Amino acid sequence: RKIEARLLTILSFEESTNKGREKEKANNRTKNHHTMKTSTFQLLAVFRCGSSFILPEPSLKHNHHHQQSQPLLESSTFTHSTIPNEYIFSSSSLSASKRAQSVESFKVMDVLARANELQAEGHDVLHCGAGQPQSGAPETVNSAAIAALTNPTEKLGYTDSMGLLELRATIARHYLSRYDDVPESSVDTSRIVVTTGSSGAFLLAFTAAFDAGDTIAIASSGYPCYRNILGALGCKLQNVDVNADFKLTATELRAELERRSKAGESKIKGLILSSPSNPTGAMLTPDELQKLCKLCDDEGIQFLSDEIYHGISYGKEEATALSYTDKAIVINSFSKYYSMAGWRLGWMVIPESLEESINALQQNMFINAPTISQTAALKCWDKDTIAELETHVAKYRESRTIILDKLASLPDFNTNIA
C-alpha cells in the first residue's frame, strides 16, 4: 500500500507538471496509442536505473469505453529530476529479511567453495569436506541419462509433482524387499514423494508438519541444516543430549519430555533424527528405533527419520521407521549410497495425513524434482547398478579400517566406535 501511495503521487506529480505539454501534443496523438488507466492502477512497479526510470509498457488492451489517449508516462521524460526526492526508491534501503539474516551458512559449503577456489588457482587439494561419495554415479545411471538426453522423442518435461510414477513404484518395491515388516499400505505410491535432494524433502516436511513457534527436538550432535532450516521457518529448537554411544534413543527423549513437563514448558511437536547419524555415525538398533517410534506416536510427536546413509553400514543391521509406524516421515536420498550427490534427487515416504499438503507445497515450491535425474535414477536398483555400488561401499570400508587402525594406535584413544 505504501508503494501504491508513492506511485500514485508520482503519477499525479508527472501529470500536473506535464499538463501544458500534454495540451500541445493533444492534436498529434494517434488513435492507436495503448492506454493506461490510472483508475485500475496497471503500473505495478518502477525500477530505477542510474538517474532515470525504466517503466513497464502500458497495457496492450485498448480501452473501448474511453477516448484513446497518450500514455501518461514516458520513459524518455520520466527521470530522476522530475520526481521529488522523497519518492525515489533507493537500493540502499533494501536489505535481507530478518529471517534470512538469522540463518547461518552451511559451513561445509563455505569450506568447499574455498577449496574449489584454491584448486582453480592450481593448488593440489584433497577434498575431505563435503559428505559426498568418492565415486561418481554408476555407469548404468550415466548411460540412462545420456540416452534420455540424446533421444529425440524424450522431451524431459515436467513430471507429476510427486515424481515419476514408475520411480515411486520402484522405491516402494525397494522397501518391501529390503526391510522386514513394512506394510504395503505404508509405501503406496501416493505416499512417496520424489524431491529435489533430501534438502528439498526437509523443507517440504518441515513446512507441512510444523508451524512457526513449534518446538522441534534435535540431537545435540546432528546435521547443521536441520537447525538452520527449522530456524528459518520460525520453529524453536530443543537440543537433546546423546548418550555415551552417541545416540538419541527413547530414553533420552523421554527424559527431556519429563523435564519440560515439570518446568511447564511447551510440548515438543516434532523430532528429526538421522540413523546412521551425521556426524557421529551412530546407528539405532531395530529395537531402539521401534521404541522411539512408539514413544513419538504415544506423545503425538511427528517423527522424521532421516535414513540417507542406509546402505553404507558395516556389520550392523539397518532398520526403517516404516517397519514400526505409519505416522513417521521417512527421508532418503540418491546422494550417498547411490553416488548421485550433484544430481539433486531424494525422496520421502509420508503419512497419509500429509499427502495433500505436501503435494501442494511441492507444486508451488519446486514443481517437480529434476526430470533428467528421475529418469536416470530408474536404473538405481538394477542388478548391475547394485553390484557397482557395493564396490563403492567396499572401498569405504577399506578406508575406514585404515583410519580406525591409526586412531587406535594413539594413546588413551576412546575405542567406542559408532
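This is a predicted model, so every value here is computed, not measured.

Quick notes on the rules
- Residues numbered from 1 in each chain as written.
- Predicted model: local features only at pLDDT ≥ 70, side-chain atom pairs only at ≥ 80, totals over all residues.
- Heavy atoms only, no water.
- Helix = DSSP H or I, 4+ residues; strand = E, 2+ residues; numbered from the N terminus.
- Buried < 20%, exposed > 50% of the residue type's maximum accessible area, 1.4 Å probe, protein only.
- Lys, Arg positive; Asp, Glu negative; His and termini not counted.
- Salt bridge = Lys/Arg side-chain N within 4 Å of Asp/Glu carboxyl O.
- Polar contact = N/O pair within 3.5 Å; in protein donor to acceptor, adjacent residues only side chain to side chain.
- Contact = heavy atoms within 4.5 Å.
- Axes fitted to C-alpha atoms, helices over the stretch in contact; angles between N-to-C directions.
- Parallel < 35°, antiparallel > 145°, perpendicular 65-115°, else oblique.
- Left-handed = near helix turned anticlockwise from the far one by under 90°.
- Expected span 1.5 Å × (residues − 1).
- Arc of directions from axis to C-beta.

Peer 1: What's the story with the side chain of Arg191 in this structure? I'm lost.
Peer 2: The residue Arg191 is located in the loop between helix H6 (165-178) and strand E3 (192-195) in this model. We note that Arg191 is buried and unpaired, the nearest opposite charge coming from Glu355 at a distance of 4.5 Å. A distance of 3.2 Å separates a polar atom in the side chain of Arg191 from the backbone oxygen of Ser185. At a separation of 3.0 Å, a polar atom in the side chain of Arg191 contacts the main-chain carbonyl oxygen of Asp326. Aside from chain neighbours lying at most four places away, what touches Arg191 is Ser185, Ser186, Asp326, Met348, Val349, Ile350, Pro351, Glu352 and Glu355.

Peer 1: Mind showing me how you'd approach the packing of helix H7 (residues 197-209) against helix H8 (residues 224-232) here?
Peer 2: Axis angle and axis distance: for two packed helices, these are the angle between their axes and the distance between the axes, and together they describe the pair. Relative orientation of the contacting elements H7 and H8 amounts to 45°, with a least axis distance of 10 Å. Judged by the inter-axis angle, H7 sits oblique to H8. Considering the relative orientation of H7 and H8, their crossing is right-handed. Taken together, the residues of H8 that come into contact with H7 (itself represented by Phe202, Leu203 and Phe206) are Tyr226, Ile229 and Leu230.

Peer 1: Where do I start with helix H5 (residues 139-150) in this structure?
Peer 2: Since the α-helix advances by 3.6 residues per turn, residues separated by three or four positions end up pointing in the same direction. Its 12 residues give H5 an end-to-end C-alpha distance of 16 Å, which sits within 8% of 16 Å, the value for a rise of 1.5 Å per residue. Along H5, the residues classified as buried are Val141, Ala144, Ala145 and Ala148. In a view along the axis of H5, the buried residues occupy a sector of 100°, so they form one face of it. Pointing more than 90 degrees away from the buried face of H5 are the exposed residues Glu139, Ile146 and Thr150.

Peer 1: How should I be thinking about the pattern of salt bridges in this particular structure?
Peer 2: If charged atoms from side chains of opposite charge come close, those side chains can pair. The tally for this structure, following the rule as stated, stands at 13 salt bridges. As a salt-bridge pair, Glu265 and Arg259 come within 3.1 Å of each other at their nearest N and O atoms. What makes Glu265 partly exposed here is its relative accessible area of 35%. Residue classification places Arg259 among the partly exposed positions, given a relative accessible area of 37%.

Peer 1: Which parts of the structure should I look at to understand unusual backbone geometry?
Peer 2: Most peptide bonds take the trans form, and the phi angle of most residues other than glycine is negative. Cis geometry marks the peptide bond from Ser275 to Pro276; its omega dihedral reads -5°. Among the secondary structure elements, Pro276 is positioned in the loop between strand E6 (268-274) and helix H10 (286-299). You will see that Asp181, though not glycine, has its phi angle at about 65°, which is positive. By relative accessible area, Asp181 is classed as exposed at 63%. The phi angle at Ile367 is positive, at roughly 65°, despite the residue not being glycine.

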